[in-house]
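# Descriptive structure summary
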Amino acid sequence: MHCPFCRYTDSRVIDSRTADDGTAIRRRRQCPECNRRFTTVETTSLSVVKRSGATEPFSRSKVLVGVRKACQGRPVTDDDLARLAQRVEETIRAQGSAEVDANEVGLAVLGPLRELDEVAYLRFASVYQGFDSLEDFESAITLLRAEREPTGQEPDSADLAVPPAYGEMAGS
């Protein structure tokens, strides 16, 4: 680590602490040459391998964009979406791999989204899993009903409509 003040090529770590809910390490350093102190923040890189084979850094904001479309018109707050994106990132990072397939990111979204809002879950799953027919929706709804606690409410059929943002993907 180069000193940002004198560009000396070495530094000594004085203190280390976790930051950002354990996803980063904050280190307080001191330069042995000029004796000035500075702070560094270290994070692990997480890359997503897309279907095309291209690799890009993981982005919570991309998760948010996709999930926000599925939640359009639903009683879901921005805080709910931010927590969901954080859970998705934590799930992906817990796998311990520096590279994950885009498919794994989508799978990591499904569980928390299902807990958050069943209608949004069905919308996301219909695009992500490529529902081709009413039978695909029916089987997903049947599965949700089978796993639901007796006190839950069933989604209204009007709520199951795919939002306009999905029109292109759903073939409408």
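Details of the structure are given in the entry above.
Nothing here was measured: the structure is a model prediction, and the numbers come from that model.

## Some words on the overall build of the chain
- The number of helices and strands found in the chain is six helices and six strands.
- Tracing the chain from N to C terminus, the helices and strands come up as β-β-β-β-β-α-α-β-α-α-α-α.
- Counting every position in the chain, which comprises 172 residues, the buried fraction comes to 31%.
- Taking the contacts inside the chain whose residues are at least 6 apart along the sequence as the reference set, 46% of them involve residues at least 24 apart.
- On the chain, roughly 11,000 Å² of surface is accessible, and the fraction owed to carbon and sulfur atoms is 47%.

## Topic: the nonpolar core
- Formed by 28 residues in total, the largest nonpolar core has its most connected members in Val63, Val67, Val88, Val105 and Leu113.
- Those residues in contact with Val63, other than ones at most four positions away along the chain, are Phe58, Leu84, Ala85, Val88, Val105 and Val109.

## Section: the layout of surface pockets
- What the largest pocket holds in volume is close to 810 Å³.
- What lines the largest pocket is a set of 23 residues, among which Lys62, Gly66, Ala102, Phe124 and Tyr128 lie closest to the centre.
- When contributions to the lining of the largest pocket are tallied by element, the ones reaching two or more residues are β5 (55–57), α1 (60–70), α3 (102–116) and α4 (118–128).
- If you tally residues by element for the lining of the largest pocket, the top one is α1, at six residues.

## A closer look at the packing of aromatic side chains
- Following the criterion strictly, the structure yields two aromatic pairs and no others.
- Ring plane angle 15 degrees and centroid distance 5.7 Å describe the contact between Phe124 and Tyr128, whose orientation is recorded as stacked. Taken together, the residues Phe124 and Tyr128, both in helix α4 and four residues apart, mark about one turn of the helix.
- With 5.0 Å between their ring centres and 90 degrees between their planes, Phe131 and Phe137 make a pair best called edge-to-face.
- With relative accessibility at 18%, the residue Phe131 sits in the buried group.
- A cation over a ring is seen here: Arg114 above Tyr121, with NZ or CZ 5.5 Å from the ring centre.

## What to know about the pattern of salt bridges
- Per the stated rule, a full pass over the model turns up 12 salt bridges.
- In this structure, Arg83 engages Asp80 in a salt bridge whose closest nitrogen and oxygen atoms are separated by 2.7 Å. Taken together, the residues Arg83 and Asp80, both in helix α2 (residues 78–94) and three residues apart, mark about one turn of the helix.
- On the basis of relative accessibility, which here comes to 47%, the residue Arg83 falls in the partly exposed class.
- In this structure Asp80 comes out as buried when scored by relative accessible area, which is 19%.
- One salt bridge connects Arg114 with Glu147, and the closest N-O pair in it is separated by 1.7 Å.

## Some remarks on the packing of α2 against α3
- Close contact between α2 and α3 brings their axes to 9 Å; oriented N to C, the two are set at 140 degrees. One finds that α2 runs oblique with respect to α3. At the point where α2 passes α3, the crossing takes the right-handed sense. Here α2 contributes Asp80, Leu81, Leu84, Arg87, Val88, Thr91 and Ile92 to the contact with α3, which in turn contributes Glu104, Val105, Ala108, Val109, Pro112, Leu113, Glu115 and Leu116.
- Tallied by class, the residues present in the contact of α2 with α3 amount to 10 nonpolar, one polar and four charged.

What counts and what doesn't
Residues numbered from 1 in each chain as written. Predicted model: local features only at pLDDT ≥ 70, side-chain atom pairs only at ≥ 80, totals over all residues. Heavy atoms only, no water. Helix = DSSP H or I, 4+ residues; strand = E, 2+ residues; numbered from the N terminus. Buried < 20%, exposed > 50% of the residue type's maximum accessible area, 1.4 Å probe, protein only. Contact = heavy atoms within 4.5 Å. Areas by Shrake-Rupley, 256 points an atom, 1.4 Å probe, with all protein chains shown as cover. Core = buried A, V, L, I, M, F, W, Y, C linked by side-chain atoms within 4.5 Å. 1 Å grid on protein atoms, 1.4 Å probe; cavity = no way out; pocket = protein on both sides within 12 Å on 5 of 7 lines; lining within 4 Å. Points joined across faces, edges and corners; volume = space filled by probe spheres on them. Phe/Tyr/Trp six-rings, centres within 6.5 Å; stacked < 30°, edge-to-face > 60°. Lys NZ or Arg CZ within 6 Å of the ring centre and 35° of its normal. Salt bridge = Lys/Arg side-chain N within 4 Å of Asp/Glu carboxyl O. Axes fitted to C-alpha atoms, helices over the stretch in contact; angles between N-to-C directions. Parallel < 35°, antiparallel > 145°, perpendicular 65-115°, else oblique. Left-handed = near helix turned anticlockwise from the far one by under 90°. Nonpolar A, V, L, I, M, F, W, Y, C, P; charged D, E, K, R; others polar.

Keep in mind that these numbers describe shape and distance, not what the molecule does.
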